[in-house]
Amino acid sequence: MDKGQDDSFDMALANLELPSAAKIPKKENSQLVGKEDNPTVKTSSSSTSKSSVANPHCILVHPKQRGNPVLKSILNAPLEFRDDIIPDYVVGRTTCILYLSLKYHNLNPDYICQRLKELGKQYELRVLLVQIDTPEPHNALKSLTRISLLADLTLMLAWNADEAGKMIETYKLFEKRPPDWIMERVESNPHQKLVTALSNIKPVNKTDAVTLLQNFGNLENLINASEDRLSQVIGLGPRKAKKLYKTLQEQFRAK
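Residues numbered from 1 in each chain as written. Predicted model: local features only at pLDDT ≥ 70, side-chain atom pairs only at ≥ 80, totals over all residues. Heavy atoms only, no water.

A. How the structure looks around the overall build of the protein. Regarding its fold elements, the protein presents 12 helices and 6 strands. Long-range pairs, those at least 24 residues apart, make up 65% of the contacts in the protein with a sequence separation of at least 6. When the accessible surface of the protein is split by element, carbon and sulfur atoms take 53% of a total near 15,900 Å². (Helix = DSSP H or I, 4+ residues; strand = E, 2+ residues; numbered from the N terminus. Contact = heavy atoms within 4.5 Å. Areas by Shrake-Rupley, 256 points an atom, 1.4 Å probe, with all protein chains shown as cover.)

B. Structural context of the pairing of strand β3 (residues 89–92). In terms of strand pairing, strand β1 (residues 59–61) meets β3 through 2 bridges, oriented antiparallel. Following the sheet pairing, V61 is matched in β3 by Y89. Sheet analysis places β3 next to strand β4 (residues 95–101), joined by 3 bridges and oriented antiparallel. Of the residues in β4, the one forming a bridge with Y89 is I97. Remark: 2 residues form the turn of the hairpin made by β3 and β4, two consecutive strands paired antiparallel. (Pairing = 2+ DSSP bridges.)

C. Here's a closer look at unusual backbone geometry. Residue P203 follows K202 across a cis peptide bond; omega there is 5°. Here P203 lies in the loop between α8 (190–199) and α9 (206–216). The phi angle at Y123 is positive, at roughly 75°, despite the residue not being glycine. One can find Y123 in the loop between α5 (111–119) and β5 (125–131). Owing to a relative accessible area of 10%, Y123 belongs among the buried residues under this scheme. (Buried < 20%, exposed > 50% of the residue type's maximum accessible area, 1.4 Å probe, protein only.)

D. Molecular detail of the pattern of salt bridges. Evaluated as defined, the whole model comprises 7 salt bridges. In this structure, R115 and D88 form a salt bridge, with 3.1 Å as the shortest nitrogen-oxygen distance. Of this pair, R115 sits in helix α5 while D88 is found in the loop between β2 (79–81) and β3, placing the two residues 27 residues apart along the sequence. Judged by relative accessible area, which is 9%, R115 ranks as buried. You can call D88 buried: its relative accessible area is 2%. Bridged by salt links that share partners, the residues E80, R82 and D84 form one connected network. (Salt bridge = Lys/Arg side-chain N within 4 Å of Asp/Glu carboxyl O.)

E. Quick peek at the confidence of the model for the protein. Averaged over all residues, the pLDDT of the protein is 78; the fraction at 70 or higher stands at 73%. Highest mean pLDDT in the protein belongs to β4 (93); lowest belongs to helix α2 (residues 26–35) (35). (pLDDT = per-residue confidence, 0-100.)

F. View of α5. When α5 is considered as a whole, its buried residues turn out to be I112, C113, R115, L116 and L119. Projected onto a plane normal to the axis of α5, the buried residues spread over an arc of 160° and lie on a single side. Downstream of α5 by one or two residues, G120 has phi in the positive range, about 60°. (Arc of directions from axis to C-beta.)

G. Quick look at the nonpolar core. With 23 residues, the main nonpolar core has L102, I112, L116, L128, V130 and L144 as its most contacted residues. Only β4, α5, β5 and α6 (138–150) provide two or more residues apiece to this core. Beyond its immediate sequence surroundings of up to four residues, V130 is in contact with L100, L102, L141, L144, L155, M156, L157 and A158. Membership of the second largest hydrophobic core comes to 17 residues, among which are I97, V127, A158 and A161. (Core = buried A, V, L, I, M, F, W, Y, C linked by side-chain atoms within 4.5 Å.)

H. The pairing of β5, seen in detail. With respect to burial, β5 is a largely interior element, 6 of its 7 residues being buried. Where β4 lies against β5, 7 bridges are found, and the strand directions are parallel. Residue pairing across strands places I97 opposite V127, the latter belonging to β5. Note: β5 against strand β6 (residues 154–158), 5 bridges, orientation parallel. By the bridge assignment for β6, Q131 is matched with A158.

I. A look at the side chain of S101. Relative to the elements of secondary structure, S101 occurs in strand β4. Since its relative accessible area comes to 15%, S101 is described here as buried. The residues contacting S101, other than those within four sequence positions of it, are Q131 and D133.

Printed below as a string of structure tokens:
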């Protein structure tokens, strides 16, 4: 993105006004759910019954995305093209995705601002999926990061069409998954906790950690072992032994 394009984009960003979406009372919203499986899809009062009903298992796709190579990578979720949605993809009742090619953004820096004006504040989770298809993406990504912060967007980066398609698909597949599905698993077994802790010392891996505990029996014996003794453990070697010994001899201070 050259200087002129960057200035133009900054001006559009400064003038961006995001209107508040009209809130629907809970009672009316529940009635709407009964009539329409996906209440976040915007429909006009003149829409027919065919256009107002969406399959909740489908990824809703705007017709402008037809022919986008990312669609070829979406294999585990059905697609439904709908001209009554504003975002490029709707992947949940409260989640939408705007797709942007960085090459296209450099040619049309005002495009994303126009899209956001149309979108307003619809949807709780709004993802800006950017495909990196230029050799020098840094300046453009700085601008897109600024607009993501101001417009309450989650910025996701993909380095090819296949990766972008898999991201769209994953958002849909995890639509109803609880948060703990993506949270780090905490080991409850003391032995496994020791293995995990030791394998966090680079370049010690989990196999090394298991072997060390089998050789020394417990953490106390391991800490008191000499560097030479550590290097004699099968599979460890002098380099790993030196790093491990240095780490175990460091003073641990509680903050």
